[in-house]
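Working through the structure, step by step
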Amino acid sequence: MTLALELVGIGKSFTMHLQGGIRLSVVADVTFAVSRGECVVLAGPSGVGKSSLLKMIFGSYRCDRGRILVQRGAQQIDVAAADPRRILALRRDTIGYVSQFLRAVPRVAAIDVVAEPLVAGGTPRDLARREAAELLRRLNIAGSLWGLPPATFSGGEQQRVNIARGFLPNFPILLLDEPTASLDARNCEVVVDLIAERKRRGAAIVAIVHDEAVRDRIADDVIDMTRFAAAA
Amino acid sequence: MMASDDAPLLIAEGLTKWYGRQPGCRDVSFSLHAGEVIAVVGESGSGKSTLLQLLSAQIEASSGRVLYRMRDGATRDLASLGEAERRLLARTDWGYVHQDATLGLRMAVSAGANVGERLMAVGERHYGRIRGAALGWLDRVEIDRGRVDDSPRTYSGGMRQRLQIARNLVTAPRLIFMDEPTGGLDVSVQARLLDLLRGLVADLELSVVVVTHDLAVARMLSHRMIVMKGGQVVETGLTDQVLDDPCEAYTQLLVASILPP
């Protein structure tokens, strides 16, 4: 089994300067590894630091301690210590992230929101749009919506656009934050299938999923995040 | 975005500007690579505009220097360039988008002439080609071709700003300086301009230094952020890192002060 991602001794706290400098510990000493083709699900109650951990792997939260080792081709990159340009490079070709909520950009059509990561990676726009359309269709987004900016879509529709955007490029690492939270059973099924396909193609996946039925179907390993609760 | 030759396009080293005994900008250092967008944010008086003027060689630094990788690949200290070289740089390889479009446009001549003029400044003399380029750029910035012979005085604020961008981009510059490019525009006009800028920056692989007090603008346009206060840099990092996980007290205050819509 080839490792795709390895976390070693990750620690993180927030210092809230506007609240008299109190420190909120988020996680301490998080250590685990994810192999290619494996899906690891982070489990534990709200506030235990699951989403924060995904953001640290994606590089949008900083780490206080530890290493986040990501395999990029033959290279190994420590996200916790990498400069911004290297993190951006990882986001272009290695790490995909489906956030809990779509950050909609005004005026940009849903199909272009989905196609954008492919275009940024050098795929010609026409081809990227065709692939985006196929995935949107699979996720049951009506064709009449593709040309519209997703800001006015329903929560479930926005989340499916977000999923399509995250799954379209074939990245070796995928981070999923509650991808099925606002989906009906039919679309939930599509996402479970997408995850299974990605695993078969060798992606390493770290997911947060509260629905136990979904979790049981996608998880190769479940990590209990309460193990890493920092001593307050 | 990561150019094969990985040398930065622009390097600021210890840039400092004193206005008498008042610091405009103190000890600012960073580098900017090809295709990278850096937002400089801060409130009025933070020194962000002074920094932009220093970087674009409009004012002289009290100490420190700015290095720029020229089109021939040689990296030069801007202070070592002659006046003519600096002017050539400013009207070919650089663009400067002012908040007030009337500063970046010539209001007495037509829109087409505003775009064409920058081409003529680099030696283009063929009228048909100049007009063709001007019309092409009006299309690109979503201005109706039928308005090409009108004076920008007859344009709305948003159109003027888009014309200013076209005028800057016609010479295929590699680096654009922007000073509050969306300031003073209505929100719908602002959104359209931001969307346009985002697309152009990505398609043309432009490097950009954008000064703004608007964190939403920084979020949409930039890869990296520099937060300034009292002339000094207080925090830097990836844009989402600075906005989602701000470390310094001042940055936390700025982020916490955004009104949700």
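Here's what I pulled together on the structure shown here.

Basis of the calculations
- Residues numbered from 1 in each chain as written.
- Chains lettered and ligands numbered in written order.
- Predicted model: local features only at pLDDT ≥ 70, side-chain atom pairs only at ≥ 80, totals over all residues.
- Heavy atoms only, no water.
- Pairing = 2+ DSSP bridges.
- Helix = DSSP H or I, 4+ residues; strand = E, 2+ residues; numbered from the N terminus.
- Axes fitted to C-alpha atoms, helices over the stretch in contact; angles between N-to-C directions.
- Contact = heavy atoms within 4.5 Å.
- Parallel < 35°, antiparallel > 145°, perpendicular 65-115°, else oblique.
- Left-handed = near helix turned anticlockwise from the far one by under 90°.
- Nonpolar A, V, L, I, M, F, W, Y, C, P; charged D, E, K, R; others polar.
- Salt bridge = Lys/Arg side-chain N within 4 Å of Asp/Glu carboxyl O.
- Polar contact = N/O pair within 3.5 Å; in protein donor to acceptor, adjacent residues only side chain to side chain.

Residues and elements named next belong to chain A. Of the pairings in the sheet, the one linking strand β1 (residues 3-16) to strand β2 (residues 22-35) comprises 10 bridges and is antiparallel in character. Bridged to K12 within β2 is V27. Linking β1 to β2, which pair antiparallel, is a turn of 5 residues; within it G20 sits at a positive phi near 70°.

All names here are of chain A. Strands sit in the order β2-β1-β4-β5 across an open sheet of 4 strands; the sheet is antiparallel. The strands lining the two open edges of the sheet, one partner per strand, are β2 and β5 (75-78). Looking at each pair of strands side by side, their axes are set apart by 25° on average, direction ignored. Pairing between β1 and strand β4 (residues 65-72): 5 bridges, direction antiparallel. Looking at the pairing, L5 lines up with V70 of β4. Against the sheet, helix α2 (residues 84-93) touches β4 and β5, its axis set at about 45° to β4.

All names here are of chain A. At a closest axis distance of 8 Å, the pairing of helix α3 (residues 110-120) and helix α4 (residues 125-138) adopts a crossing angle of 125°. Taken as axis vectors, α3 and α4 run oblique relative to one another. Seen along the crossing, α3 lies across α4 with a hand that is right-handed. When α3 is examined against α4, the residues I111, D112, V114, A115, L118 and V119 are found in contact with a partner set consisting of R125, A128, R129, E131, A132, A133 and L136. Grouping the constituent residues of the contact of α3 with α4 by class yields 9 nonpolar, no polar and 4 charged.

Take the interface of chain B and chain A next. Between chain B and chain A, the contact holds 31 residues from the first and 26 residues from the second. Connecting chain B to chain A are 8 salt bridges. E116 of chain A is the partner of R198 of chain B in a salt bridge, and the nearest nitrogen-oxygen pair spans 3.0 Å. Our count for the chain B to chain A interface comes out at 14 residue pairs in polar contact (both at pLDDT 80 or more). Of all the secondary-structure elements, those providing two or more residues to the side of chain B that touches chain A are α7 (187-203), α8 (215-221), β10 (232-238), α9 (239-244) and α10 (249-256) of chain B.

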